[in-house]
Each structure stands twice: as C-alpha cells, then as structure tokens.
Amino acid sequence: KEVVEQQHYIFDSLWNKSTNADEKIREIEEGVESEFYEVITDSEKAKDVYIDLAKSIEKEALLLFANSQAIVRSDRLGIIDYLIEASAKRRRGAMKGATIRIICPLTAENSHIIKKIMENAPDIRIQNSSSSHSGLFIVDRSKFMRFELKEPRSEEFSEAIGFVVYSNSKVGIDSSKAFFELLWNENIQYEILREYERLKEIQKIKDEFINVAAHELRTPIQPILGLSELVRSKLKVED
C-alpha cells in the first residue's frame, strides 16, 4: 500500500506539472513556442543566448544597461552592431527597421560607443540613468533576459555576470516591459523638469539684465530729457 501511494504521489506531481496534450498539439500546429523560464549560470551559454537574441531583433528591442561598463562589454560581443543593423534597416528602406531604446549611464568611458550609435543609427533613442546591479533586454515582446551582475566593473562579460534569467513567459515579458517603461518615462519627466529649471534660470538672467540695462540707460537719459525740456521751453519763449 505504501509503495502504491508513493507512486501515485509521483504520478500526480508529474501530472500537475505537465502540459495539456490538446494545447501542445495546437502550439505545434501554429508554430507557437512553449513557455520556458531558464536560469543560466554558465557565462559562456549566457553570452551565446545574448548574442542570438540580439541577432533575432525584428520589431523592437529595449535595453537597460546596469552601469556604464555594461554597454562597453556588450559592444565587445558585437551586440551594439546588431542593434545598429536592426535599426538601420528602416533608413535603407529594405524593410521596416526595429524600434530600439536604450537606458544607460552615460560617461566618458562609453562616449565613443554612444557616438558610434548616433552616427550609424540615429533612430536609436538613448537616455541617461544611474547605475544598478542588474540589466534587462527585451526583444519583440516575445523574449527577455535579466542580467544579475557579480563583478559590475569587470571588462569581460563572463567575469561580470553572476547569472542570467532567460524566458518567453508572457507575464515576465509584460512585467519587465512595464518596469522599463516606468524608468523611461521617469527619465523623460526628469529631463522636462531639468529643462524647465534651465528656462527659469535663463528668464531670471534675462530679467536681471533688463533691469540693469534699464537702470544704466535711465542714468544718462534723465539729464538729457531735462536739458531737452529746458531747450524746448527757451525755444518757445524766443518764438
């Protein structure tokens, strides 16, 4: 009896984790990829998945680089070139290029990469951000990677990465995209606020200049006006 109960428990566990046959057949017929959620600790495998995902971009790519060095590491892997190629298709007119947005801390050490992007794919939009310990890569709203860093300042991808979460889970994609959009819009609001403060400062400087100029102009003009009135009154008397 104990053995039967044990085997029954094992079967139930497998049954609960399994996929319905009708659903699996539908996925095969429609070419739909089954959902997966993988934690990758092998840095070489993580690198290969990262490159393959960058190569697959068709419509949209959203990237959150954890720190200023992360975009340098990605450039060494050829990721930036794949982003430029995916975006530049729009300008060549061969097909509609991908919409690509990047959030990354902008510093002197990655300025040459930003310049390369701007010169070769001006449609790619980039926003500055602060550093963190994790990165994010979402492609075509179908797959995403989340990078957890072990050595953030390392120059090599294999040394910097602690582990990577790779999945096509719809829930994971939606939540990751919502997080990216939150950061993106927060940065836009910050830029708007900073521009507003800059305009306020310009207006203040302009007002101060006008006040000083008006005061300086009044000083010589007042005696001129007074003398002019005197000359005019004398002219009236002589007339």
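> Would you take a moment to explain unusual backbone geometry for this structure?
The bulk of non-glycine residues show a negative phi, and the bulk of peptide bonds are trans. Phi is positive for D140, which is not a glycine, with a value near 55°. Among the structural elements, D140 can be located in the loop between strand 5 (134-139) and strand 6 (143-149). Look at D140 and you get partly exposed, because its relative accessible area is 22%. Despite not being glycine, R141 has its phi angle at roughly 55°, a positive value. For R141, the location among the structural elements is in the loop between strand 5 and strand 6. Residue classification places R141 among the exposed positions, given a relative accessible area of 54%.

> What is the right way to read helix 3 (residues 43-55) from this model?
Over its 13 residues, helix 3 runs 18 Å from end to end, which matches the ideal 18 Å to within 8%, given 1.5 Å per residue. Turning to helix 3, its buried residues are S43, A46, V49, Y50, I51, L53 and A54.

> Explanation requested: the pattern of salt bridges in the structure shown.
When charged atoms on two side chains of opposite charge get close, those side chains can pair. Applying the stated criterion across every chain, the model contains twelve salt bridges. Across the pair E60 and R141 runs a salt bridge, and its minimum N-O distance is 3.4 Å. Taken together, the positions of E60 in strand 2 (residues 60-64) and R141 in the loop between strand 5 and strand 6 put the pair 81 residues apart, joining distant regions of the chain. Here R232 makes a salt bridge to E229, at a shortest N to O gap of 3.3 Å. One end of the pair, R232, and the other, E229, are both in helix 8 (residues 170-238), three residues apart, so they sit about a helical turn from each other. Note on R232: relative accessible area 45%, which makes it partly exposed. Here the salt bridges share partners, and the residues they tie into one network are D75, D81 and K116.

What counts, and where the lines are drawn
Residues numbered from 1 in each chain as written. Predicted model: local features only at pLDDT ≥ 70, side-chain atom pairs only at ≥ 80, totals over all residues. Heavy atoms only, no water. Helix = DSSP H or I, 4+ residues; strand = E, 2+ residues; numbered from the N terminus. Buried < 20%, exposed > 50% of the residue type's maximum accessible area, 1.4 Å probe, protein only. Expected span 1.5 Å × (residues − 1). Salt bridge = Lys/Arg side-chain N within 4 Å of Asp/Glu carboxyl O.

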